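Fold and geometry: a report
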Amino acid sequence: MAPKILARNDKLRLLKQMLQIRAFEDKVFELLARDLLKGASHAYVGEEAIAVGACAAIGLEDYITSTHRGHGHCLARGADLKLMMAELCGKATGYCRGRGGSMHIADVKAGNLGATGIVGSNIPVATGAGLALQMKKKKSVCLCFFGDGAANTGAFHESLNLAGLWKLPVVYICENNLYGMSVSVERALAVKNVADRASAYNMPGKIVDGMKVLEVYEAVSEAVERARRGEGPTLLECKAYRFRGHSRGDSRKYRTREEEEHWRARDPIEQFKKHLLEEGALTEEEFSALEKEVGEETSAAERFALQESPDPSPDDLYDDVYVDYEQGNTRLRRKS
Amino acid sequence: MAPKILARNDKLRLLKQMLQIRAFEDKVFELLARDLLKGASHAYVGEEAIAVGACAAIGLEDYITSTHRGHGHCLARGADLKLMMAELCGKATGYCRGRGGSMHIADVKAGNLGATGIVGSNIPVATGAGLALQMKKKKSVCLCFFGDGAANTGAFHESLNLAGLWKLPVVYICENNLYGMSVSVERALAVKNVADRASAYNMPGKIVDGMKVLEVYEAVSEAVERARRGEGPTLLECKAYRFRGHSRGDSRKYRTREEEEHWRARDPIEQFKKHLLEEGALTEEEFSALEKEVGEETSAAERFALQESPDPSPDDLYDDVYVDYEQGNTRLRRKS
Amino acid sequence: MPEIFYWEAIRDALREEMLRDERVFVMGEDVAIYGGAYGATRGLYEEFGEERVKDTPISEAAIIGAAAGAAMCGLRPVAEIMYIDFITLGMDQLVNIVAKNRYMFGGKTTVPMVIRTQGGAGRGIAAHHSQSLETWFVHLPGVLIATPATPYDAKGLLKTAIRDDNPVLFIEHKMLYRTTGEVPEGDYALPLGQAKVTRPGSDVTVVSYSRMANRSLEAAEVVAAEGIDAEVIDLRSLRPLDIESVLESVKKTGHLVLVSEGYKNANALCEVAFRVNEFGFDYLDGPMLRVCAADVPVPMSPVLEEAAVPSVESIAGGIRQALAD
Amino acid sequence: MPEIFYWEAIRDALREEMLRDERVFVMGEDVAIYGGAYGATRGLYEEFGEERVKDTPISEAAIIGAAAGAAMCGLRPVAEIMYIDFITLGMDQLVNIVAKNRYMFGGKTTVPMVIRTQGGAGRGIAAHHSQSLETWFVHLPGVLIATPATPYDAKGLLKTAIRDDNPVLFIEHKMLYRTTGEVPEGDYALPLGQAKVTRPGSDVTVVSYSRMANRSLEAAEVVAAEGIDAEVIDLRSLRPLDIESVLESVKKTGHLVLVSEGYKNANALCEVAFRVNEFGFDYLDGPMLRVCAADVPVPMSPVLEEAAVPSVESIAGGIRQALAD
Ligand SMILES: Cc1ncc(C[n+]2csc(CCOP(=O)(O)OP(=O)(O)O)c2C)c(N)n1
Ligand SMILES: Cc1ncc(C[n+]2csc(CCOP(=O)(O)OP(=O)(O)O)c2C)c(N)n1
Ligand SMILES: [Mg+2]
Ligand SMILES: [Mg+2]
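Residues numbered from 1 in each chain as written. Chains lettered and ligands numbered in written order. Predicted model: local features only at pLDDT ≥ 70, side-chain atom pairs only at ≥ 80, totals over all residues. Heavy atoms only, no water.

Further remarks concern the interface of chain B and chain A. Listed as interface residues are 21 residues of chain B and, on the opposing side, 21 residues of chain A. Overall, the association of chain B and chain A removes approximately 1600 Å² of surface from exposure, summing both partners, and the carbon and sulfur fraction of that is 53%. Its largest share of buried area at the contact with chain A, chain B owes to H157, L165 and A190 of chain B, together 33% of the area lost on that side. Counting across the chain B and chain A interface gives zero salt bridges. (Contact = heavy atoms within 4.5 Å. Buried area = accessible area lost by both parts, 1.4 Å probe. Salt bridge = Lys/Arg side-chain N within 4 Å of Asp/Glu carboxyl O.)

Written as structure tokens, this is what we have:
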């Protein structure tokens, strides 16, 4: 079954999401620089096509799991910019009431099982989500995002083996941005491509141009359909590049400026914009209007986070470690 | 480079080792039944050709790592039956002074880095041994034994990736006896063969008839030579069968008696004996003499362990947790 | 009341909960056809089929992590880790996902799952199959911990664990599976966090859990013959911890002996001691005393193994010493 | 004496030991080209090359296990686990191989390796990057544990750790890398297991380690202004544990406050408390008191994060309360 052909509106939605991710992260880095935002933030800039293309292929009943580089997944899954920004700023109004920050945004009810600070650690979780969907006899799937570095973790291996064995409805989407922090794929992965490992788990593996949102969309759609048909998981490797350093303070001495230029010339937003202009689905004016709209949304998110949102109260520190129990000073008790 | 052709004497040595393993374990199970030996013992019977064939391919400067099913590796690596039996009986004279028992025999100085009770957990250790050999610019190798079940652990994946990446001199020898405890390979491994995974780590993978000691010897010799040449690791999968249950008390309801019969008809000792008889390297009389010799050695080992060896003293309980420190009642102190 | 085995109590709890709630399922190594390394899932595969009783590959991290994912998506997995020694392989999933997701995600998700595992020495199977590692998880917010010592407690606490919306680490003891005890027929659930005074006494309080709770009781009988009247408390769960019951007892006795099969150094029961120091400082007539496993990897040799963990005699010795100090 | 950064002290120790002993090498994630997430291996790759400074894949179990294998085969690896939170991924190797092989194999092998890692909160990087998990390893026979609070201790203890034939867990603190302190030039090594009295005092003993040792010192100055003369002890290593120094101090002061950034429940310092109870029961004029991290996953929000770990103010509060009790 071929993926659904995207209507013009859908395509413009994808473009907008990509712009949102970029604008959001530009803002995040501005706030980091101004010390208005604390913590570590890993930028997705350059990789927008992956999350956006992939999430366009699923519906409300499906799930995703995210990574430490999760803003893109979140936004593409339909997150509210305001609640996201509030979360990054550690505010009570954020997705996780300020407890998670950039690396731990989740919105389980909306199908986002969460980001994680431990590389590879959501791969088993996604696999378990797939198991639940299979056991409940749902036609739903889980998209599992992870990096090239994560493909060398034990969790990757154990999970993909289980999914291949049990034919779980999970699409494993490796975002190969050529580096795990400072270590290049050639210096970390014994094989050339992560997708080369698919055969070790009895699932199809495919390399996708991760700088092209429609290619990602199509590949993920196909894998999703396969999973919905009960034929099991797929391993997709989206080749891409992170334009920024691994995190703030990374001097990027492990890669050349030439390499960066080469990839910047393949900017996924620019490519998609060009494509849409060429097929007549977009005009320059419409693009500018979109950019403006996104800029305003981002500013509104900033305002919401920094001006309209309270910090969490230290009094709430102990809330919600457990369901139905409360931590007193001497004893954890079941609430009555 | 082809493996060294084995002289008649060498072949008889291999035969003897296989007989030793079998006799030793028959004795172990007898002692277990008579309650003279405590703990868990995992029998290698049926798989003797693997350890014996593999260890014949290495020399004194090389290493092995073993598993929970380690008696065969130990004996093939040249262990003293007496010290082994004493160890299984928890005696002070055993390889590990009675602290390790069946699952933790080691003789590091003689090149056996030890058995382990945690499935898969010696795969990283073997990989580190390979690293040490490489860094010391030795031409030595490490043979890493593990089961089919271990091929689904995270440790397997992380280790083989590292070894493939760094071209470490390690030969990974999977003893595929069709089951991990009660779970058949088909119900645990997403692919048909463990060797199919070699390509995921950029190393050669090969399936070997694990019931034929000379085939194992040849395949391991080739992999060892490759490693000595600095060309990196190999993954060998030796297909075999454990004739006994996983451990005592296993009713083997996960497999059929027909399947057992089928494999018993391929007994590695019988096959090798037949081969040697046919090529005129052995007579029935010589075989009987060998069996008798091995029987006597085993009895001597039993005697040594049960009659000539003291239990460890509870006073030594705290010895050797640390080098150069002693544990007093209140404080761990550096010995002066 | 019928007497049944500890393993049967666990099996019955699983079975009844699976009948009650179709979201409950069992997964782990050798839990289906084999029925579990210690037989605690025997018969479930035959009754419920592989849909709900799942043998897994040897992949502890994936077992725990997949259970977590399934739990977040509405199921109620009971995952088995065959030996607590192997939980180290799924430690990241347990510590960083299972225990933290709810809080870290702002209280907006639940991870209702049980990890059944077992620990303890006694079978001569050495350092990789004999540890008692519960202390680590007492030092980890986010999971509840049950440590039943009897068939009755095992069944009642496991039912509660399965019904609880929090992740529960359910730690059995390998030497208890073949012990028997009275268990009422039919459904009952026991609350987590309620210690049980298994022997009332007035001279000294002995606090323990799991197999050592039974040994402590035996030791109390030994010293009873010498005129020492020990009160024995089985904590039954390590989180929640019923410190009130301990305080109440120490208030009466003035002496406290802690007994655990975990390594001595920084043993979880030091927490009990600390709280007694905090909230019952004036109750104490002498130093608190502990009888724990030696700080060594559990040795295989039966002679050494016996010396490495608390025995009835060493517990009795501890009780005597507490009163002598 | 020159003042250098904590990260430099570590780097210098590594460098000097690598020059001294060619068996010493460094491996871990981003330790080579990047120079370590917190810069503590900067320059080593340039000086020693990739032969002895090895970037690894993201494979914590393989890092620890391979270091163990290499150590058993005669090298002296210094493996880096970037955050102690990730040690959970190599937990089996650390617990079941590194810590046990020597004893389990009858004392006939050694595993001379160092695992360098770092813990602690303070950067707003939340629950997966802010834990202080040392307690687990205090409850694990077989590894020594260093927790330096100053550049001087960091350099001297790391040298000892590398030269020691035992596996050593060397736990740095992420908020200390950019603190400075006086460090003599050239070679010196500090013994493990010797606490340091960083402030003599007579009213109350405050025991801590790592970053909290420094905070405790600040808190002591705060209460000094109120007339409370606190003695502050930095344990510097958690195994061996210098309980004598603590006992000596408590004998003098009669009061003990324990300060740790680890979770409160079953915190490793309960071990110190237990031993003081055991060997210094009569020294105590009131309950021992602890100031630890809250029993919650460390939250990201700066407001909550600050509330979750001991602050100078909360430590000062603890000291006051210990004297009020
Ligand atoms: C288990 C673990 N090890 C190390 C780290 C530190 N770390 C954070 S991100 C990262 C690189 C991850 O690489 P990759 O999976 O390719 O994702 P990317 O950052 O490139 O998106 C590392 C090493 C971590 N967070 N978790
Ligand atoms: C990590 C771990 N999980 C589970 C076990 C329990 N166990 C012991 S042996 C075994 C089966 C191992 O299978 P395989 O690797 O094929 O080796 P075999 O026993 O067949 O030789 C299992 C599950 C263990 N010892 N370690
Ligand atoms: Mg990457
Ligand atoms: Mg097997």
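We now examine the site of ligand 1. Taken together, 22 residues form the shell around ligand 1, and within it H68, R69, G117 and G149 of chain A together with E60 of chain D come nearest. One finds residues of chains A and D in close proximity to ligand 1. Between ligand 1 and N177 of chain A there is a distance of 2.8 Å, counted from an oxygen atom to a side-chain nitrogen or oxygen. Contact with the protein chains covers 98% of the free accessible surface of ligand 1, which is 570 Å². Each residue belonging to the shell around ligand 1 can be placed in one class, and the counts come to nine nonpolar, eight polar and five charged. (Near = heavy atom within 4 Å. Polar contact = N/O pair within 3.5 Å; in protein donor to acceptor, adjacent residues only side chain to side chain. Areas by Shrake-Rupley, 256 points an atom, 1.4 Å probe, with all protein chains shown as cover. Nonpolar A, V, L, I, M, F, W, Y, C, P; charged D, E, K, R; others polar.)

This paragraph deals with the coordination of the magnesium ion (ligand 4). Residues and elements named next belong to chain B. Taken together, the protein ligands of the magnesium ion (ligand 4) are D148 (OD), N177 (OD1) and Y179 (O), with distances of 2.0 to 2.1 Å. Each donor residue of the magnesium ion (ligand 4) belongs to the same chain, with the gaps between them written as D-x28-N-x1-Y. N177 sits in the buried class, given a relative accessible area of 5%. You can call Y179 buried: its relative accessible area is 7%. (Donors = N, O, S within 2.8 Å, 3.2 Å for Na, K, Ca; no water. Buried < 20%, exposed > 50% of the residue type's maximum accessible area, 1.4 Å probe, protein only.)

Further remarks concern the side chain of S210 of chain C. All names here are of chain C. Here S210 shows up in the loop between β10 (204–208) and α8 (211–224). The buried category is assigned to S210, whose relative accessible area is 8%. Once residues lying within four places of it in the same chain are set aside, the contact partners of S210 are T147, P148, A149, H173, L176 and D234. (Helix = DSSP H or I, 4+ residues; strand = E, 2+ residues; numbered from the N terminus.)

Moving on: the relation of the copies chain D and chain C. Superposing chain D onto chain C takes a rotation of 180 degrees plus a shift of 0.0 Å along the axis, which leaves an RMSD of 0.0 Å. Such a turn and shift between the copies fits a two-fold axis. The residues that chain D uses at the interface reappear at the interface of chain C in 100% of cases, marking a shared surface. (Least-squares fit on C-alpha atoms with pLDDT ≥ 70 in both.)

Below, the discussion takes up the packing of helix α4 (residues 81–88) of chain A against helix α10 (residues 284–306) of chain A. Residues and elements named next belong to chain A. The interhelical angle for the contact between α4 and α10, taken along N-to-C directions, is 45 degrees, at an axis separation of 8 Å. For the element pair α4 / α10, the angle class is oblique. When the axes of α4 and α10 are compared, the crossing they make is right-handed. Contacts from L81, K82, L83, M85 and A86 in α4 reach E297, T298, A300, A301, E302, F304 and A305 in α10. The residue makeup of the contact of α4 with α10, split by class, is eight nonpolar, one polar and three charged. (Axes fitted to C-alpha atoms, helices over the stretch in contact; angles between N-to-C directions. Parallel < 35°, antiparallel > 145°, perpendicular 65-115°, else oblique. Left-handed = near helix turned anticlockwise from the far one by under 90°.)

Facing 48 residues of chain D, the contacting portion of chain C comprises 48 residues. With both sides pooled, the region where chain D packs onto chain C buries about 4400 Å², and carbon together with sulfur makes up 65% of that total. Of all residues in chain D, the largest losses of buried area upon contact with chain C belong to W136, H139 and F274 of chain D, amounting jointly to 17% of the total for that side. The interface formed by chain D and chain C holds three salt bridges in total. R290 of chain D is the partner of E271 of chain C in a salt bridge, and the nearest nitrogen-oxygen pair spans 2.7 Å. Applying the counting criterion to the chain D and chain C interface returns 29 residue pairs in polar contact (both at pLDDT 80 or more). No other element matches the seven residues that helix α10 (residues 269–279) of chain D contributes to the side of chain D that touches chain C. Residue composition of the side of chain D that touches chain C, by class: 25 nonpolar, 12 polar and 11 charged.

Right, let's talk about the pairing of strand β14 (residues 289–293) of chain D for a bit. Residues and elements named next belong to chain D. With five of five residues buried, β14 lies mostly within the body of the structure. When strand β13 (residues 256–263) meets β14, the two strands line up parallel, connected through four bridges. Bridge pairing in β14 links V259 to V291. (Pairing = 2+ DSSP bridges.)

Let us now look at the coordination of the magnesium ion (ligand 3). All names here are of chain A. Only D148 (OD), N177 (OD1) and Y179 (O) from the protein coordinate the magnesium ion (ligand 3), and they sit 2.0 to 2.1 Å from it. Mapped onto the polypeptide sequence, the residues donating to the magnesium ion (ligand 3) form the spacing pattern D-x28-N-x1-Y. Here D148, found in the loop between β2 (142–147) and α6 (154–166), pairs with N177, found in the loop between β3 (170–176) and β4 (179–180); they are 29 residues apart in sequence, far enough to count as distant. With respect to burial, D148 and N177 carry one shared label: buried.

Looking now at the site of ligand 2. Of all residues adjacent to ligand 2, which total 22 residues, the nearest are H68, R69, G117 and G149 of chain B together with E60 of chain C. More than one chain approaches ligand 2, the contributing ones being chains B and C. D148 of chain B has a polar side-chain atom sitting 2.9 Å from an oxygen atom of ligand 2. Considered on its own, ligand 2 offers 580 Å² of accessible surface; in the complex 98% of this is hidden by protein. By residue class, the composition of the shell around ligand 2 is nine nonpolar, eight polar and five charged.

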